[in-house]
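Fold and contact review
Single-letter residue listing:
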2 protein chains.
Amino acid sequence: MKKYGVIFLSMGGPTSMNNVDEYLSNILNDKDIMRLPFKKVLIPIILKKLSAKSKKQYVQIGGKDPINELTFDQASKTEQELKNAFYDLKCYVSFRYCSPRIIDVLKNMKEDGITDAIAFSQYPQYSYTTSGSSLNELAGVLLESEFSFNWSVIDTWCNNEFYIHAWVDIIQKHLNKFNEKERSDVLVVFSAHSVPMKTICNGDPYVYEIGSTVHDIIKKLQYTTKCVITWQSVHGPSKWLEPKTEHYVKEILKGSTHKHILIVPIAFTTDHVETLCELDIEMLNEINGTLQEPRLHRVDSLNSHPLFINALANIVQLHIRDRNSPSLLNQAHTYKHECVYCESNRCKNRCDLFHEEAKKFINF
Amino acid sequence: MKKYGVIFLSMGGPTSMNNVDEYLSNILNDKDIMRLPFKKVLIPIILKKLSAKSKKQYVQIGGKDPINELTFDQASKTEQELKNAFYDLKCYVSFRYCSPRIIDVLKNMKEDGITDAIAFSQYPQYSYTTSGSSLNELAGVLLESEFSFNWSVIDTWCNNEFYIHAWVDIIQKHLNKFNEKERSDVLVVFSAHSVPMKTICNGDPYVYEIGSTVHDIIKKLQYTTKCVITWQSVHGPSKWLEPKTEHYVKEILKGSTHKHILIVPIAFTTDHVETLCELDIEMLNEINGTLQEPRLHRVDSLNSHPLFINALANIVQLHIRDRNSPSLLNQAHTYKHECVYCESNRCKNRCDLFHEEAKKFINF
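Rules used throughout
- Residues numbered from 1 in each chain as written.
- Chains lettered and ligands numbered in written order.
- Predicted model: local features only at pLDDT ≥ 70, side-chain atom pairs only at ≥ 80, totals over all residues.
- Heavy atoms only, no water.
- Helix = DSSP H or I, 4+ residues; strand = E, 2+ residues; numbered from the N terminus.
- Rg over C-alpha atoms; globule rule 2.2 N^0.38 Å.
- Buried < 20%, exposed > 50% of the residue type's maximum accessible area, 1.4 Å probe, protein only.
- Contact = heavy atoms within 4.5 Å.
- Lys, Arg positive; Asp, Glu negative; His and termini not counted.
- Charge placed at Lys NZ, Arg CZ, Asp CG, Glu CD.
- Least-squares fit on C-alpha atoms with pLDDT ≥ 70 in both.
- Buried area = accessible area lost by both parts, 1.4 Å probe.
- Salt bridge = Lys/Arg side-chain N within 4 Å of Asp/Glu carboxyl O.
- Polar contact = N/O pair within 3.5 Å; in protein donor to acceptor, adjacent residues only side chain to side chain.
- Nonpolar A, V, L, I, M, F, W, Y, C, P; charged D, E, K, R; others polar.
- Pairing = 2+ DSSP bridges.
- Axes fitted to C-alpha atoms, helices over the stretch in contact; angles between N-to-C directions.
- Patch = residues over 30% accessible without salt bridge, like charges linked within 9 Å, V, L, I, M, F, W, Y side chains within 5 Å.
- Areas by Shrake-Rupley, 256 points an atom, 1.4 Å probe, with all protein chains shown as cover.
- pLDDT = per-residue confidence, 0-100.
- Phe/Tyr/Trp six-rings, centres within 6.5 Å; stacked < 30°, edge-to-face > 60°.
- 1 Å grid on protein atoms, 1.4 Å probe; cavity = no way out; pocket = protein on both sides within 12 Å on 5 of 7 lines; lining within 4 Å.
- Points joined across faces, edges and corners; volume = space filled by probe spheres on them.
- Parallel < 35°, antiparallel > 145°, perpendicular 65-115°, else oblique.
- Left-handed = near helix turned anticlockwise from the far one by under 90°.
- Domains from an automatic or database assignment.
- Arc of directions from axis to C-beta.

1. With respect to the overall build of chain A
From N to C terminus, chain A includes 14 helices and eight strands. Expected size for 364 residues packed as a compact globule is a radius of gyration near 21 Å; at 21 Å, chain A falls within 12% of this value. For chain A, the C-alpha atoms occupy an extent of roughly 65 × 50 × 40 Å along the three principal directions. When the 364 residues of chain A are sorted by exposure, 58% land in the buried category. Pairs at least 24 residues apart make up 79% of the contacts formed inside chain A by residues separated by at least 6 positions. Taking the average location of the 42 positive side-chain charges in chain A and that of its 43 negative ones, the two points are 3 Å from each other.

Here is the structure:
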């Protein structure tokens, strides 16, 4: 008898001021996003620099990041929705940079008698720096230990119709708060986490998956709003994708072209430090404080919006439906080396592992 | 009795060496893409500089640009396919920068007894620099003259399923030319015409519509190939979207990561100077000449590929089906001011005109 377990893979965040440094250290030690030389010397230096700024941010949003609780809530509501649709499965949550880490979750799943495991990336648009890194960690653990589940992977879902529908609903509801005259003039700014130009040149699909998501939303909004895509959270000295959200918004507000700007944090699925602090406090509060009336707004994050829970459940249902199909072998980024210049053994091992798993599964 | 006329709107190209200068002059005088000060002084200077380079390119591809004949062929085959499906309509072709211009085509349509006119942009991804400019020209002519057709507009179709299918077929056929071992290692480079960063900041949807097209193609190819999007045909000194196709390809070939690179001219629908000269002669021939064996390849353009003709006919059919629906009012970029900073009266007049036309049409 099959028993399905779905693991939500997210980045997570610090749950108290005491584990901010540990969290940052885990990020700096992620070989998939940081390829630092002289790690033993460099990481403590960078950590010291980051720590103060980062702690200040977490203090401002209440001493912890809400992403963990929100992800658990999404997982439990998705499980309930799937149970209502007669899918007998259990949803688990694992974080890349904080507890519960993947190894502990796998132990729980074994204890629960799970036979079939689905790794479900919580990043709607695939990037090797996010979904790729989480899946590499999972594969690393699987290769070093013995967990006899049948594995398959959900690694991109940027066009899922319920996911698009959830954003459309959130944006439309916020637009309805403006009076009719103002509404037609609101500029919608889709703000996504930026990536280094090097990542784009490597062939990471993140940027065009963002484009694809935004285009689907605009189509469903029937092209009634003006919009742009901008890029936030640039780190370090290298060249990153532009225009930067904050610079762009300031430029627009200088002119009188648009009375109101509505920010949509398009690549995130929950509130966390980059929405609550970077967008709300450091950008919205600061900029609105200089104006006579607030002109900069942000829509709610997806969090546990009912349509977003529909989306998460629908993505799992479609995956289970297609799990026995040979086409699954080629459906996912997970089953090949994604990047043009990729020479990472971690990526190769992950691709080989999940490819073999999928082949076994469909009796190839 | 309704009689439909569909006007294909394309940029066109010189039909002989004698009209290269006239063609370039028409581009430089397009107020929607060039906002030059001191036009009377500047345009002759720029024209002189461009003319020599441009003429050399046209000599290399046989003394004329094939885009005109190819567009006429597409229109006539689309008309035939629609007639086979019992759609009694006529397809016309008009070019933005050469003959036949829109005014002459409208006269022909009047003589032919057309009652309902559909303006059909031949740029799959909407940009105000291409589709926008053509539609502005059309609106300008309509506002200055009297052509009593009922108007509607097809201005973007980057996700049409037959259009995607046509590219998938072309790419797959080219990949099949490689032996199995080599095939899995071919890097597919989608090369699109670049745009200035200023255009992107203005909120032009071109870049994310390109992303959306590429993502649909990759999905239909079942994620079996590695790919990147690069940008070609950068002009002038300002900052344009990167990575540049030629630089990127050279970098890849320097390493030994990918034995073969396959270029897909994703934003163009026919061969023309930017595929035949810029890609084939100036890039492929030159680069392959420095290698022991050809490693750089280009897929065929869409031209009159049967699946692409299916796409063009399907787009018209879907448009006619939806033409009486109130949702048409909001379906197109044409019915509003697209760009964040837009203060162009040409765009405003165009939007107002086609919006009024659509309202009349659906008895709103």
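Structure's up, so let's keep going.
2. Observations concerning the relation of the copies chain B and chain A
Between chain B and chain A, the superposition needs a rotation of 180 degrees and an axial shift of 0.0 Å, giving an RMSD of 0.0 Å. This pairing of chains is accounted for by a two-fold axis. Of the C-alpha atoms belonging to chain B, the one lying closest to the rotation axis is found on Ser212 of chain B, 2.0 Å away. Interface overlap between copies: 100% of the residues of chain B at the interface are likewise at the interface in chain A, consistent with a symmetric, same-surface contact.

3. Focus: the interface of chain B and chain A
Listed per partner, the contact involves 44 residues of chain B and 44 residues of chain A. Per-residue buried area on chain B facing chain A is highest for Tyr208, Tyr223 and Val340 of chain B; these three make up 20% of the total on that side. Applying the counting rule to chain B against chain A returns two salt bridges. In this structure, Glu242 of chain B engages Lys239 of chain A in a salt bridge whose closest nitrogen and oxygen atoms are separated by 3.4 Å. Connecting chain B to chain A are eight residue pairs in polar contact (both at pLDDT 80 or more). Every element with two or more residues in the side of chain B that touches chain A is listed here: α8 (197–201), α9 (206–220), β6 (226–232), α10 (245–254) and α13 (328–331) of chain B. Among the elements that make up the side of chain B that touches chain A, the one with the highest residue count is α9 of chain B (eight residues). Its residues assigned to classes, the side of chain B that touches chain A comprises 19 nonpolar, 17 polar and eight charged.

4. Describing the sheet that holds strand β7 (residues 261–265) of chain B
Residue and element names in this part refer to chain B. Across the sheet, which stays open at both edges, the four strands sit in the order β6-β5-β7-β8 with parallel pairing between neighbours. With partners counted over all chains shown, the strands left at the sheet margins are β6 and β8 (296–298), one partner each. Sheet twist, expressed as the mean angle between neighbouring strand axes with direction ignored, is 30 degrees. Where strand β5 (residues 187–193) lies against β6, seven bridges are found, and the strand directions are parallel. Looking across to β6, one finds that Ser191 is bridged to Thr230. Contacts between helix α6 (residues 161–175) and the sheet are confined to β5, β7 and β8, with β7 contributing the most and set at about 160 degrees to the helix. Lying over the sheet, helix α11 (residues 273–289) contacts β5, β6, β7 and β8, oriented at roughly 160 degrees with respect to β8.

5. Overview of a nonpolar patch on the surface
Taken together, the side chains of Phe38, Val41 and Ile45 of chain A define a hydrophobic patch exposed on the protein surface, amounting to about 350 Å² of accessible area. Within the fold, Phe38 of chain A resides in the loop between α1 (20–28) and α2 (39–60).

6. As for the sheet that holds strand β7 (residues 261–265) of chain A
All names here are of chain A. Spatially, four strands are ordered β6-β5-β7-β8 in an open sheet, and the strand pairing comes out parallel. Where the open sheet ends on each side, the last strands, each with one partner, are β6 (226–232) and β8 (296–298). Averaged over neighbouring strand pairs, the angle between their axes works out to 30 degrees when direction is ignored. Across three bridges, β7 lies against β8 in parallel orientation.

7. Details of the confidence of the model for chain A
Mean pLDDT over chain A works out to 90, with 96% of the residues at or above the 70 mark. Reported confidence for the predicted complex is 0.71 by ipTM and 0.84 by pTM.

8. Side note on the packing of aromatic side chains
All names here are of chain A. One pass over the full model with this rule turns up 22 aromatic pairs over all chains. Aromatic side chains Trp157 and Phe308 sit 6.1 Å apart centroid to centroid with 35 degrees between the ring planes, which places their arrangement in the tilted category. Here the residue Trp157 occupies a position in the loop between β4 (150–154) and α6 (161–175), and Phe308 occupies one in helix α12 (residues 306–322), the gap between them amounting to 151 residues. Pair check on accessibility: Trp157 and Phe308 agree, each one buried. Aromatic pair Tyr163 and Phe308: ring centres 6.5 Å apart, planes at 55 degrees, arrangement tilted. Of this pair, Tyr163 sits in helix α6 while Phe308 sits in helix α12, and the two are 145 residues apart along the sequence. Like Phe308, Tyr163 is buried. Three or more aromatic residues joined by ring pairs form one cluster here, namely Phe8, Phe120, Trp157, Tyr163 and Phe308.

9. Details of empty space enclosed by the protein
Within this structure, the stated rule accounts for seven cavities of 30 Å³ or more. Size it by volume and the largest cavity reaches roughly 400 Å³. As for the largest cavity, its lining consists of 26 residues, and the residues nearest its centre are Val207 and Leu241 of chain A together with Val207, Trp231 and Leu241 of chain B. Of all the elements in the fold, those that place two or more residues in the lining of the largest cavity are α9 (206–220) and β6 of chain A together with α8, α9 and β6 of chain B. With four residues, β6 of chain A is the single largest residue contributor to the lining of the largest cavity. For the lining of the largest cavity, the per-class residue count stands at 18 nonpolar, four polar and four charged. In this structure, the second largest cavity spans a volume of roughly 100 Å³.

10. Thoughts on the packing of α6 of chain B against α9 of chain B
Residues and elements named next belong to chain B. Put simply, α6 and α9 touch, their axes get as near as 9 Å, and they point 60 degrees apart. The angle between α6 and α9 places the two elements in the oblique class. Relative to α9, the crossing made by α6 is right-handed. Along the contact surface, α6 presents Tyr163, Ile164, His165, Trp167, Val168 and Ile171, while α9 presents Thr213, Asp216, Ile217 and Lys220. Split into classes, the residues belonging to the contact of α6 with α9 amount to six nonpolar, two polar and two charged.

11. Regarding the domain arrangement of chain A
All names here are of chain A. Domain annotation of chain A identifies domain 1 (4–157 + 306–363) and domain 2 (161–298). For domain 1 and domain 2, the distance between their C-alpha centroids amounts to 25 Å. At the junction of the two partners, domain 1 supplies 29 residues and domain 2 supplies 27 residues. Across the interface of domain 1 and domain 2, roughly 2,500 Å² is buried in total on both sides, 62% from carbon and sulfur atoms.

12. A look at α10 of chain B
Every buried residue belonging to α10 of chain B is among Thr245, Tyr248, Val249, Ile252 and Leu253 of chain B, and all of these are buried. End-on view of α10 of chain B: buried residues confined to an arc of 130 degrees, all on one side of the axis. Contacts made by the buried residues of α10 of chain B are with α8 (197–201) of chain A together with β5, β6, β7, α11 and β8 of chain B.

13. Digging into unusual backbone geometry
For the bond from Ser99 of chain B to Pro100 of chain B, the omega torsion is -5 degrees, close enough to zero to count as cis. Within the fold, Pro100 of chain B resides in the loop between β2 (89–95) and α4 (102–111). The phi torsion at Phe38 of chain A lies on the positive side, around 45 degrees, for a residue other than glycine. Accessibility expressed as a relative area gives 65% for Phe38 of chain A, which makes it exposed. Its identity as a non-glycine residue notwithstanding, Phe86 of chain A has a phi of 65 degrees, on the positive side.

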